[in-house]
Amino acid sequence: MSISASPGRLSCGSSLLAGGPLCIILGALCFSTTGTVQALAPDGSHPLGIGALRMQIGALALWAWCACRHSLPAGLRHWQLHWLIPATLGLLGFQVFFFWGVQQAGVAVGTVTAIGFSPVMAAILARIILGERPARIWYPATGLALAGLVLLNLGSSQDTSTAALLLPLLAGACYGAYFVFSKPLGRTHAPEHIMLLLCAGSGLLLLPVHFCTPSLWLLHPQGMGMALYLGVVTAALAFSLTLAGLRRTPTAMAATLALVEPLGAACWGIFLLHEPVGGQELAGMGLLFGGVALLALGKKTENTPPTEEHASSRPLNGEGAPQH
């Protein structure tokens with residue numbers, strides 16, 4: 001699961017999408033299968049319990065992968081805790097506020113609010129904390145993608161109170177914070193090492209969830225298969241791909257590219273779950289695809305610190321460098 005430019009390994013090297021954007025898109029496509037798989041969950045499963053289990057199995061999968069390669073991450077004294085702790089809390093907050101927010105605001109409204117707010121929050125935080133300024137193309141591309149996201153879900157929207165929208169907004173803010181605070185860690189640590197610690201930290205803090213949500217559904221073979229898939233593919237693999245792409249991609253751009261997730265989810269719903277689709281949904285999908293394509297193929301950034309853009313292209317030496 002190592003995402004690098006080393007020969008013989010999974011590589012997001014220099015191609016049309018310049019590695020970083022391609023990894024972000026592949027990670028988003030992995031994330032996009034989450035809803036489809038959850039729709040096939042056995043009776044009795046709870047979204048918050050599924051979210052907690054996803055982090056915990058993801059951490060175990062990453063630990064097993066690193067252990068098999070004799071490349072477990074160094075002790076915490078080698079890590080920059082002022083980046084690691086906020087990134088972990090951001091990932092944890094997203095799991096809690098997203099599933100709670102969807103329950104309060106509804107699936108469509110909650111998803112649109114959380115996912116739509118995350119690139120805006122990521123851009124603001126990246127400007128303040130990392131000193132990154134989005135390229136001019138980011139603004140129209142993000143506008144197109146957000147318009148497509150709204151169109152894609154507009155037909156199923158419902159009356160929602162302003163208070164109920166606070167939770168999805170907090171989820172989007174947490175996801176944006178996870179993006180921003182995890183990016184500097186990629187300068188000196190491998191993506192799978194970063195996600196192992198982030199998923200493990202989030203998973204440990206989410207352990208109490210299992211005491212207040214039903215867990216008998218895990219005894220069903222379908223439930224066990226779903227939990228393994230969510231942990232391995234939509235957590236361990238998806239987050240590692242995203243972080244690998246984030247090493248070569250400005251934060252605001254990466255957060256907008258991640259909007260390919262609802263586009264992928266819509267496609268899975270249409271082709272695998274046979275959900276109905278009309279002109280409005282097709283128009284929304286077209287706008288989403290257009291915004292992501294415009295951003296992925298356009299100019300990356302303006303006035304981005306060189307260390308952010310080229311950190312992953314330099315050899316990493318010393319303590320904390322990835323061991324391949």
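What you see is a predicted model; the values in this text were computed from it and never measured.

Cut-offs and rules
Residues numbered from 1 in each chain as written. Predicted model: local features only at pLDDT ≥ 70, side-chain atom pairs only at ≥ 80, totals over all residues. Heavy atoms only, no water. Helix = DSSP H or I, 4+ residues; strand = E, 2+ residues; numbered from the N terminus. Buried < 20%, exposed > 50% of the residue type's maximum accessible area, 1.4 Å probe, protein only. Contact = heavy atoms within 4.5 Å. Areas by Shrake-Rupley, 256 points an atom, 1.4 Å probe, with all protein chains shown as cover. Expected span 1.5 Å × (residues − 1). Phe/Tyr/Trp six-rings, centres within 6.5 Å; stacked < 30°, edge-to-face > 60°. Core = buried A, V, L, I, M, F, W, Y, C linked by side-chain atoms within 4.5 Å.

> What is the right way to read the overall build of the protein chain from this model?
Looking only at helices and strands, the protein chain features 13 helices and two strands. The proportion of buried residues among the 324 residues of the protein chain is 53%. Within the protein chain, residue pairs in contact and separated by at least 24 positions form 89% of the contacts whose partners lie at least 6 positions apart. For the protein chain, the accessible surface area stands at approximately 14,100 Å², while carbon and sulfur atoms represent 69% of it.

> Which parts of the structure should I look at to understand helix H3 (residues 47–68)?
In an α-helix, one full turn covers 3.6 residues, which means residues spaced three or four apart are oriented alike. Between the first and last C-alpha of H3 there are 31 Å, a value that for 22 residues agrees with the 32 Å anticipated at 1.5 Å per step. Just downstream of H3 lies His70, where phi reads positive at about 55°.

> Please explain the packing of aromatic side chains as it appears in this structure.
Describing an aromatic ring pair means giving the distance of the ring centres and the angle of the ring planes. Inspection of the entire model under this criterion finds 10 aromatic pairs. Relative to Tyr139, the ring of Trp138 has its centre 5.0 Å away and its plane inclined at 85°; by these criteria the two rings are edge-to-face. Take Trp138: its relative accessible area is 8%, and that puts it in the buried class. Measuring from centroid to centroid gives 5.2 Å for Tyr175 and Phe179, while their planes differ by 65°, and the two rings are edge-to-face. One end of the pair is Tyr175 and the other is Phe179, both in helix H7 (residues 162–182) and four residues apart, which spans about a single turn. With a relative accessible area of 11%, Tyr175 lands in the buried category. Exposure remark for Phe179: the relative accessible area of 1% places this residue in the buried category. One aromatic cluster is present, formed by Phe31, Phe94, Phe98, Phe99, Tyr175, Tyr178, Phe179 and Phe239 through successive ring pairs.

> I tried to follow the nonpolar core on my own but got confused; where do I start?
For soluble globular proteins, the rule of thumb is that nonpolar side chains tend to be buried together. Formed by 73 residues in total, the largest nonpolar core has its most connected members in Tyr178, Met195, Leu198, Phe239 and Leu257. Apart from the residues lying within four places of it in its own chain, the contact partners of Leu198 are Leu84, Ala87, Thr88, Leu91, Tyr178 and Ser182. Formed by nine residues, the second largest nonpolar core is a distinct cluster that contains Val37, Ala41, Ile50 and Ile57.

> Help me understand the environment of Thr36 in this model?
Here Thr36 is to be found in helix H2 (residues 34–39). Distance in space between the C-alpha atoms of Thr36 and Cys267 is 10.0 Å, their sequence separation being 231 residues. Setting aside residues up to four positions removed in sequence, Thr36 forms contacts with Trp268, Gly269, Leu272 and Leu273.

Spatial relationships are all this shows, so hold off on functional conclusions.
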